[in-house]
Amino acid sequence: MKQVPMVDLIGQYNKIKPEVDAAIAEILTNASYINGPAVKKFQANLESYLGIKHVIPCANGTDALQVAMMALNLQPGDEVITTSFTFIATAEVIALLHLTPVLVDVLPDTYNIDPAAIERAITPKTKAIVPVHLFGQCSDMDAVMEIAKKHNLYVIEDNAQAIGADYRSKDGSVKKAGTIGHIGCTSFFPSKNLGCYGDGGAIFTNDDALAAQMRVVVNHGMTVRYYHDYVGVNSRLDTIQAAILDIKLKHLDGYAEARRFVAKFYNDAFSVSEKLITPVTSSFTSHVFHQYAFVTKGVDRQKLMDHLQSKGISSAIYYPVPLHEQKAYLDPRYKTGDFPVTEELCKNIFSLPIHTEFDVETLQYVVDAVLEFVK
Ligand SMILES: *Cc1c(COP(=O)(O)O)cnc(C)c1O
């Protein structure tokens, strides 16, 4: 039987294998495992790709968010606004630093943070907003930045899912996702759009002082060797991972193109069914489709999943439980019903395989299997 996994990292690797293998072999030979030349090279190449002054590599995307918040010197009890519909890492670091996560709902068409809801959630304790560019398209950053400016707040973009996406401001300027707020954070987890072969992450900023502080935080709070002026963390990108990422960065736009082809194929095919509400891309952003997620109407998701699995097709639910209903994050401030859009999405959203190595025949196989079930 045909097997259709959510991602095809092996197929992708096979196309760049000679270059990757040679780069890894070189590092093994010269033993520059930590902070080797490939880290600086990748950093510089990513800075120029993103059009940003500073890229600070780190160990993973969760660390990137934590380091960003540590560098802003946020204090226990400071409020950080983020979305109720995201991967847990976003809220996790807020909680770990004893900051107060303030959740707001998302928009039903793009699943991204609702700017009007941000405005309503602001209090005198609010210090930062963390928009998440979910599934590969940008949040409404003009609106977010306007609110931040008005209330003197920091904006940290969680860009783990949208690296390479373009954002077009009302003034016509185009910027890369993650370079619009004060700080942008990303993840190089293998299945992310720019993924390495282990863990990795990075932080972006145009602010020289913030960049300097974040470089100190990722390196044990060390200003001069063995002089620690701050409590920091140990968060580095391995040289081997940096070398792999530097090779894959050259393909990132091509990878996004391949993902968009898959999304368009699904969109066109599913437009025949009223039970499948295909994803909407906002006019101000390009979409790099980290995930292909859509809303099902009157479909038994578990049965659909089982049906697909019986044909060798993987599927997933991103995300089944909203943040305010997660056991570790239960909070008397919030109850079921507070975030109706998020709660509906958690009940009805569904994700199909999307990656860079699809062929039309396999896509048609997936589409036929889905339509066979929902018709
Ligand atoms: C993947 C992801 C992260 C965390 O990245 P890791 O590298 O796995 O720590 C954070 N936020 C979002 C939205 C993500 O998808």
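These figures come from a predicted structure and were not determined experimentally. In every chain, residue numbers begin from 1 and rise along the written sequence. With pLDDT at 70 or above as the cut-off, local features in this predicted model cover only qualifying residues; side-chain atom pairs require 80 or more to be listed or tallied, and sums for whole chains, interfaces and linings still use all residues. For side-chain calculations, the full set of non-hydrogen atoms in the structure is used, while hydrogens and water are omitted.

**Digging into the site of the ligand**
Then, number 1: Note on definitions. A residue lies near a molecule or strand when any single heavy atom of the residue is within 4 Å of it. In the neighbourhood of the ligand, the contacting residues comprise N60, G61, T62, T86, F87, A89, V132, D158, A160, Q161, S187 and K192.
Then, number 2: Any pair of N or O atoms that falls within 3.5 Å is considered a polar contact. Within protein, one atom must be able to donate a hydrogen and the other to accept it, and sequence-neighbouring residues count only if both atoms are side-chain atoms. K192 is positioned with one of its side-chain polar atoms (N or O) 3.1 Å from an oxygen atom of the ligand.
Then, number 3: Starting from 380 Å² of accessible surface for the ligand in isolation, the protein chains cover 91%. All accessibility values rest on the Shrake-Rupley procedure with a 1.4 Å probe; residue burial counts only the protein chains present in the view.

**Things to note about the domain arrangement of the chain**
Then, number 1: By domain assignment, the chain separates into domain 1 (9-249) and domain 2 (252-374).
Then, number 2: The domain boundaries here were taken from an automatic or database domain assignment. Between domain 1 and domain 2, the C-alpha centre-to-centre distance is 24 Å.
Then, number 3: Taken together, the contact pairs 48 residues of domain 1 with 38 residues of domain 2.
Then, number 4: On the domain 1 side of the contact with domain 2, F85, F135 and N193 bury the most area, a combined 19% of that side's loss.
Then, number 5: Any carboxyl oxygen of Asp or Glu within 4 Å of a side-chain nitrogen of Lys or Arg constitutes a salt bridge here. The tally of links from domain 1 across to domain 2 stands at 1 salt bridge.
Then, number 6: Note that E357 is salt-bridged to K15, the shortest N-O span being 2.5 Å.
Then, number 7: If you look at where domain 1 meets domain 2, you find 23 residue pairs in polar contact (both at pLDDT 80 or more).
Then, number 8: Under the DSSP-based scheme used, a helix requires at least four consecutive residues in state H or I and a strand at least two consecutive residues in state E, with every element numbered from the N terminus. Within the residue set of the side of domain 1 that touches domain 2, elements represented by two or more residues are α1 (9-30), α4 (89-96), β3 (100-104), β6 (166-168) and α8 (239-249).
Then, number 9: Across the side of domain 1 that touches domain 2, the residue classes break down as 24 nonpolar, 14 polar and 10 charged. A contact between two residues is defined here by any heavy atoms of the two lying within 4.5 Å. When two components associate, each loses some accessible surface as probed by a 1.4 Å sphere; the sum of these losses over both components is called the buried area. When residues are grouped by polarity, Ala, Val, Leu, Ile, Met, Phe, Trp, Tyr, Cys and Pro land in nonpolar, Asp, Glu, Lys and Arg in charged, and all others, Gly among them, in polar.

**A short note on a nonpolar patch on the surface**
Then, number 1: A contiguous nonpolar surface patch, about 310 Å² in accessible area, is contributed by L28, Y33 and I34.
Then, number 2: Residue position: I34 is located in the loop between α1 and α2 (37-50).
Then, number 3: The exposure class of I34 is partly exposed, given its relative accessible area of 46%. Only residues whose relative accessible area exceeds 30% and that form no salt bridge are eligible for patches; like-charged ones are grouped when within 9 Å, while nonpolar side chains (Val, Leu, Ile, Met, Phe, Trp, Tyr) are grouped when within 5 Å. Only protein chains enter the accessibility calculation, which uses a 1.4 Å probe; a residue whose area is less than 20% of its type maximum is buried, one above 50% is exposed, and one in between is partly exposed.

**Considerations on the environment of S48**
Then, number 1: Among the structural elements, S48 can be located in helix α2.
Then, number 2: Separated by 3.3 Å, the side chain of S48 and the backbone oxygen of N45 make a polar contact.

**Things to note about the packing of α2 against α8**
Between two packed helices, what matters for the description is the angle formed by their axes and the separation of those axes.
Then, number 1: Two elements in contact, α2 and α8, have axes whose closest approach is 8 Å; the angle formed by their N-to-C orientations is 35 degrees. Handedness of the crossing formed by α2 with α8: left-handed. Across the interface between the two elements, A38, V39, K41, F42, N45, L46 and Y49 from α2 touch T239, A242, A243, L245, D246 and L249 from α8.
Then, number 2: In the contact of α2 with α8, the residues fall into 9 nonpolar, 2 polar and 2 charged. Simply put, an axis is a line fit to the C-alpha atoms, just over the touching stretch for a helix, and the angle between two N-to-C directions goes from 0 to 180 degrees. Crossing chirality is assigned from the near helix's rotation relative to the far helix, an anticlockwise turn below a right angle marking it left-handed and a clockwise turn marking it right-handed.

**Notes on the nonpolar core**
Then, number 1: One finds I81, V104, I118, I129 and V144 to be the most contacted residues of the largest nonpolar core, which totals 28 residues.
Then, number 2: Looking at this core element by element, the count peaks at 4 residues for helix α6 (residues 141-151).
Then, number 3: Discounting chain neighbours no more than four positions away, the residues touching I118 are I81, V104, I113, I129, V144 and I147. Put simply, a nonpolar core is a bunch of buried Ala, Val, Leu, Ile, Met, Phe, Trp, Tyr and Cys residues held in one set by side-chain atoms that sit within 4.5 Å of each other.

**Notes on the pattern of salt bridges**
Then, number 1: For the structure on display, the rule yields 17 salt bridges.
Then, number 2: K2 is paired through a salt bridge with E361; the nearest N and O atoms lie 4.0 Å apart. In this pair, K2 is assigned in the segment before α1 and E361 in helix α12 (residues 360-374), connecting sequence segments 359 residues apart.
Then, number 3: Among the residues examined, K2 registers a relative accessible area of 29% and is labelled partly exposed.
Then, number 4: The shortest N-O distance in the salt bridge between D300 and K303 comes to 3.6 Å.
Then, number 5: Residue classification places D300 among the partly exposed positions, given a relative accessible area of 37%.

**Quick look at the side chain of T110**
Then, number 1: By secondary structure assignment, the location of T110 is in the loop between β3 and α5 (115-121).
Then, number 2: What makes T110 buried here is its relative accessible area of 5%.
Then, number 3: If we skip the residues at most four places from it in the chain, T110 touches Q137, V280 and S282.

**Brief notes about the sheet that holds strand β1 (residues 54-58)**
Then, number 1: Paired strands, in this sense, are two strands between which DSSP finds at least two bridges. Here we have 7 strands laid out as an open sheet, ordered β1-β9-β8-β5-β4-β2-β3, and mixed in their pairing. If you trace the sheet from one side to the other, it starts and ends with β1 and β3, each paired once. Pairs of neighbouring strands in the sheet enclose a mean axial angle of 25 degrees, with direction left out of account.
Then, number 2: The pairing of strand β4 (residues 126-130) with strand β5 (residues 154-158) spans 2 bridges and is parallel. Among the inter-strand pairings, A128 is bridged to a residue of β5, identified as Y154.
Then, number 3: Packed on one face of the sheet, α2 meets β1 and β9 (201-205) and runs near 135 degrees to β1.

**Some details on the state of the cysteines**
Then, number 1: A pair of sulfur atoms, both from cysteines and within 2.5 Å, is called a disulfide here. Tallied over the full model, the rule gives 0 disulfides.
Then, number 2: Between C58, a free cysteine, and C185, which holds the nearest cysteine sulfur, the sulfur-to-sulfur gap is 7.5 Å.

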